[in-house]
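Letter by letter, the chains look like this.
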Amino acid sequence: MTLLETRPLPRDLELEYNKRLMLVSGRANRELAARIASKLGVDLGSVTLKTFANGEVYCRYEESVRGADVFIVQPTCANTDEGLSANDALMELLVMIDAAVGGSAHRVIAVTPWYGYSRQDKKSAPREPISARMVARMLEAAGSDRILTMDLHSGQIQGFFAKPCDHMTALFMLTQYFADLGLEDLVVVAPDAGRVKLNQKFADKIGADLAILNKERPAQQVAEINYVIGDVAGKTALLVDDIIDTAGTLKAAAEAVLDAGARRVYAAATHGVFSGNAWENLAAANFERIVVTDTIPLRPGAPDNVTVLSCADLLTNSIRQIFTDGSVSDVFGGENQLF
């Protein structure tokens, strides 16, 4: 009888393994990352980030990431205070992922509440790129194991990822805010046919009516509102969208519903990009209040009627579920597939 026959080898090897969570931040939205860290009860990981004189970005983790689940908070947006463009933020996220992978992190999770290039999710004309797909491939090629994002411009973008993509939504934060205002004769107005499903959900949550704007885009970032489908006369109109960028569409929409007889106009969106002439457009429109979340830092010069709600609680709960291998959909009761 051989030694192997007398002492059979085990079929597996059990080791004690203490999971470790590390939260680090890029320069795109340090404030949001700090709020998440505070709610998680951890300090942000120490990382050196800078831009060289030639425009290249640099990253180095100042402490070991070996064996840790590294969550990188970095919406791919511009940050004027940091001198960061949207493309800089994307590149910085890529090098942070690569550095964590090279440092033997157990898992690397990109927390990108604002997913840049999300509006370029299909070909609208011949010979155009599908840039949202390209960004997904770049994140995975860099070594990201998972993506945590919020209110994608279209839910189908999740299909661009081969790795898990957790899709959060600010719907419940925004509906709760407006429910607490107790506005009377409220009608939720979809800015175009593509947002009807989201706006119907929003209207159902706060017990409001629904109207739709007939919108055409003769050119990129140019919108023409032709007429309002539904009754807004004498009512309080609430325009709901996923993104406010230059606010040109929002201004035209506000003018359209006021011309149709609305008494007051509010606006709500998850992502306040506010680029170009956004502040001028909003100042020229007669909004009672414009409500967004802090997925993107508010650039200087915002009008007084812009309100920012923090999505830190949502992201914190989702990060906890990912780290503990729990159910992310439980954070929303399974109601985060809205588009």
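Look up: the structure comes first, before these words.
Residues numbered from 1 in each chain as written. Predicted model: local features only at pLDDT ≥ 70, side-chain atom pairs only at ≥ 80, totals over all residues. Heavy atoms only, no water.

Right, let's talk about the overall build of the chain for a bit. Helix and strand counts for the chain come out as nine helices and 14 strands. Structurally, the chain occupies a C-alpha span of about 95 × 50 × 45 Å along its principal axes. Out of the 339 residues belonging to the chain, those deemed buried represent 50%. At a minimum sequence separation of 6, the contacts of the chain that also span at least 24 residues come to 64%. Approximately 16200 Å² of the chain is accessible, and the part contributed by carbon and sulfur atoms is 48%. Seen as two clouds, the 33 positive and the 43 negative side-chain charges of the chain have centres 4 Å apart. (Helix = DSSP H or I, 4+ residues; strand = E, 2+ residues; numbered from the N terminus. Buried < 20%, exposed > 50% of the residue type's maximum accessible area, 1.4 Å probe, protein only. Contact = heavy atoms within 4.5 Å. Areas by Shrake-Rupley, 256 points an atom, 1.4 Å probe, with all protein chains shown as cover. Lys, Arg positive; Asp, Glu negative; His and termini not counted. Charge placed at Lys NZ, Arg CZ, Asp CG, Glu CD.)

Now for the pairing of strand β13 (residues 287-293). For β13, the buried fraction is high: five of the seven residues fall into the buried class. This β-α-β element, strand β12 (residues 264-272) to helix α8 (residues 278-284) to β13, shows right-handed connectivity. By the bridge criterion, four bridges tie β13 to strand β14 (residues 306-309) in an arrangement that is parallel. Residue pairing in the sheet places Ile290 in a bridge with Val306 of β14. (Right-handed = clockwise from strand over helix to strand, strands pointing away. Pairing = 2+ DSSP bridges.)

Read from one edge of the open sheet, five strands run β1-β4-β5-β6-β7, paired in parallel fashion. Unpaired on one side and paired on the other, β1 (21-25) and β7 (165-168) mark the two borders of the sheet. For this sheet, the mean inter-axis angle between neighbouring strands, taken without regard to orientation, is 20°. Relative to strand β5 (residues 107-112), strand β4 (residues 69-73) runs parallel, the two being bridged by five bridges. Along β5, the bridge assignment pairs Val73 with Val111. (Axes fitted to C-alpha atoms, helices over the stretch in contact; angles between N-to-C directions.)

Let's shift gears to helix α4 (residues 131-142). Its twelve residues give α4 an end-to-end C-alpha distance of 16 Å, which sits within 8% of 16 Å, the value for a rise of 1.5 Å per residue. The secondary structure elements touched by the buried residues of α4 are α3 (86-102) and β6 (146-150). Two residues or fewer past α4, Gly143 is found with a positive phi of approximately 120°. (Expected span 1.5 Å × (residues − 1).)

This part is about the packing of helix α5 (residues 171-181) against helix α6 (residues 196-206). The N-to-C vectors of α5 and α6 enclose an angle of 45°; their axes lie 9 Å apart at closest approach. Considering their axes alone, α5 and α6 lie oblique with respect to each other. Crossing geometry of α5 relative to α6 is assigned as right-handed. In contact with Leu171, Phe172, Leu174, Thr175, Phe178 and Ala179 of α5, α6 contributes Leu198, Lys201, Phe202, Lys205 and Ile206. (Parallel < 35°, antiparallel > 145°, perpendicular 65-115°, else oblique. Left-handed = near helix turned anticlockwise from the far one by under 90°.)

This part takes up the packing of aromatic side chains. Under the criterion given, the structure shown has six aromatic pairs. Measuring from ring centre to ring centre gives 5.2 Å for Tyr177 and Phe178, while their planes differ by 80°; the resulting arrangement is edge-to-face. With 6.4 Å between their ring centres and 65° between their planes, Phe178 and Phe202 make a pair best called edge-to-face. With Phe178 in helix α5 and Phe202 in helix α6, the pair connects residues that are 24 residues apart, well separated along the chain. Under the relative-accessibility criterion, Phe178 is labelled buried at 3%. Accessibility expressed as a relative area gives 1% for Phe202, which makes it buried. Cluster of aromatic residues (ring-pair linked, three or more members): Tyr177, Phe178, Phe202 and Tyr266. Of note, Lys19 hangs over the ring of Phe323, and the distance from its end group to the ring centre comes to 4.9 Å. (Phe/Tyr/Trp six-rings, centres within 6.5 Å; stacked < 30°, edge-to-face > 60°. Lys NZ or Arg CZ within 6 Å of the ring centre and 35° of its normal.)

Turning our attention to α6. All of the buried residues along α6 are Leu198, Asn199, Phe202, Ala203 and Ile206. One face of α6 carries all of its buried residues, which in axial projection span an arc of 130°. In α6, the exposed positions angled more than 90 degrees off the buried face are occupied by Lys197 and Asp204. A positive phi of about 65° marks Gly207, the residue just after α6. (Arc of directions from axis to C-beta.)

Once that is clear, we can look at the packing of helix α2 (residues 30-40) against helix α9 (residues 312-323). Put simply, α2 and α9 touch, their axes get as near as 9 Å, and they point 55° apart. Of the possible angle classes, the one that applies to α2 and α9 is oblique. Taken as a pair, α2 and α9 cross one another with a handedness that is right-handed. Here Leu32, Arg35, Ile36, Lys39 and Leu40 of α2 lie close against α9, whose contacting residues are Ala312, Asp313, Leu315, Thr316, Ile319 and Arg320. Across the contact of α2 with α9, the residue classes break down as six nonpolar, one polar and four charged. (Nonpolar A, V, L, I, M, F, W, Y, C, P; charged D, E, K, R; others polar.)

Our next topic: unusual backbone geometry. Residues other than glycine seldom take positive phi values, yet Ser104 does so here, at roughly 70°. Residue Tyr117 is not a glycine yet carries a positive backbone phi of 70°. Here Tyr117 shows up in the loop between β5 and α4.

Take the side chain of Asp166 next. Take Asp166: it is sitting in strand β7. Accessibility expressed as a relative area gives 9% for Asp166, which makes it buried. Residues within four places of Asp166 in sequence aside, it is in contact with Arg146, Ile147, Leu148, Thr149, Ile322 and Val328.

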